[in-house]
Amino acid sequence: EVIYMAATYEYLAGLIDGDGCVSLYKKKDKKARTGFTFAPFLVVTSTNTAFLLALKKNYGGYLDSQGKGDYCGTPMFRLQFSSNEIRTLLPLLIPHLVLKKEEACLLLEALTLTKDHRTKDYNVFPKLERIVSSLKTLKKNREVSYGCVV
């Protein structure tokens, strides 16, 4: 099956607003000095792997199985982006996001704080924890957001 699509950041932003997730997770990590790490998360989900492979060709990322969906147990797949891909994509996507704009701004702030793949600056951890908390609140109280300047 061949999928043709407009390879624009506006298009990807619309997909993320509708079927995507933008977040920062605090994960337990026994190897980390603090016992936890922060993991950025930008993903688009679909039941159509050909569609996600076409997105991957245009924007990068990697394809992963998400298990069964809620609707009739249909297998779900996700296109997930690495930290560095997220650093590159978010400034291009934020102007076009609507529902998840504020979440994207917070994630970009977190990635700016860490700069490198792994930060050794433990002073940023309280800020990252604040971002995780803010993202959880936003997801609970989802509203259309227009306020972020990049």
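For the structure, see preceding data.
Worth saying up front: this structure is predicted, and the values here are computed from it rather than measured.

Things to note about the pattern of salt bridges
Counting across every chain of the model gives four salt bridges. One salt bridge in this structure joins Arg78 and Asp64, with 3.1 Å as the shortest N-O distance. Here Arg78, found in strand β4 (residues 75–80), pairs with Asp64, found in strand β3 (residues 62–68); they are 14 residues apart in sequence, far enough to count as distant. On the basis of relative accessibility, which here comes to 21%, the residue Arg78 falls in the partly exposed class. Lys139 is paired through a salt bridge with Glu103; the nearest N and O atoms lie 2.9 Å apart. With Lys139 in helix α5 (residues 125–140) and Glu103 in helix α4 (residues 101–114), this residue pair connects regions lying 36 residues apart in the sequence. Judged by its relative accessible area of 31%, Lys139 falls in the partly exposed class.

Things to note about helix α2 (residues 49–59)
Taken as a whole, α2 has its buried residues at Ala50, Phe51, Leu52, Ala54, Leu55 and Tyr59. Looking at where α2 begins, the residue whose side-chain oxygen comes 3.0 Å from the main-chain nitrogen of Ala50 is Asn48. Once α2 finishes, Gly60 follows within two positions and takes phi at roughly 90 degrees, a positive value.

A few points about the packing of aromatic side chains
Applying the stated criterion to the full structure yields five aromatic pairs. Note on Phe36 and Phe38: the rings are 5.6 Å apart at their centroids and 90 degrees apart in plane angle, and the pair reads as edge-to-face. The pair formed by Phe36 and Phe38 is uniform in burial state, with each residue classed as buried. A network of ring pairs unites the aromatic residues Phe36, Phe38 and Phe125 as a single cluster. Against the face of Phe36 rests Lys26, its NZ or CZ located 4.1 Å from the ring centre.

Describing the environment of Cys21
For Cys21, the location among the structural elements is in strand β1 (residues 20–28). A relative accessible area of 18% means that Cys21 is categorised as buried. Measuring from C-alpha to C-alpha, the distance between Cys21 and Phe41 comes to 7.1 Å, with 20 residues separating the pair along the chain. Residues in contact with Cys21, not counting those within four places in the same chain, are Ile16, Phe41, Leu42, Val43, Lys100 and Lys139.

Rules used in this analysis
- Residues numbered from 1 in each chain as written.
- Predicted model: local features only at pLDDT ≥ 70, side-chain atom pairs only at ≥ 80, totals over all residues.
- Heavy atoms only, no water.
- Salt bridge = Lys/Arg side-chain N within 4 Å of Asp/Glu carboxyl O.
- Helix = DSSP H or I, 4+ residues; strand = E, 2+ residues; numbered from the N terminus.
- Buried < 20%, exposed > 50% of the residue type's maximum accessible area, 1.4 Å probe, protein only.
- Polar contact = N/O pair within 3.5 Å; in protein donor to acceptor, adjacent residues only side chain to side chain.
- Phe/Tyr/Trp six-rings, centres within 6.5 Å; stacked < 30°, edge-to-face > 60°.
- Lys NZ or Arg CZ within 6 Å of the ring centre and 35° of its normal.
- Contact = heavy atoms within 4.5 Å.

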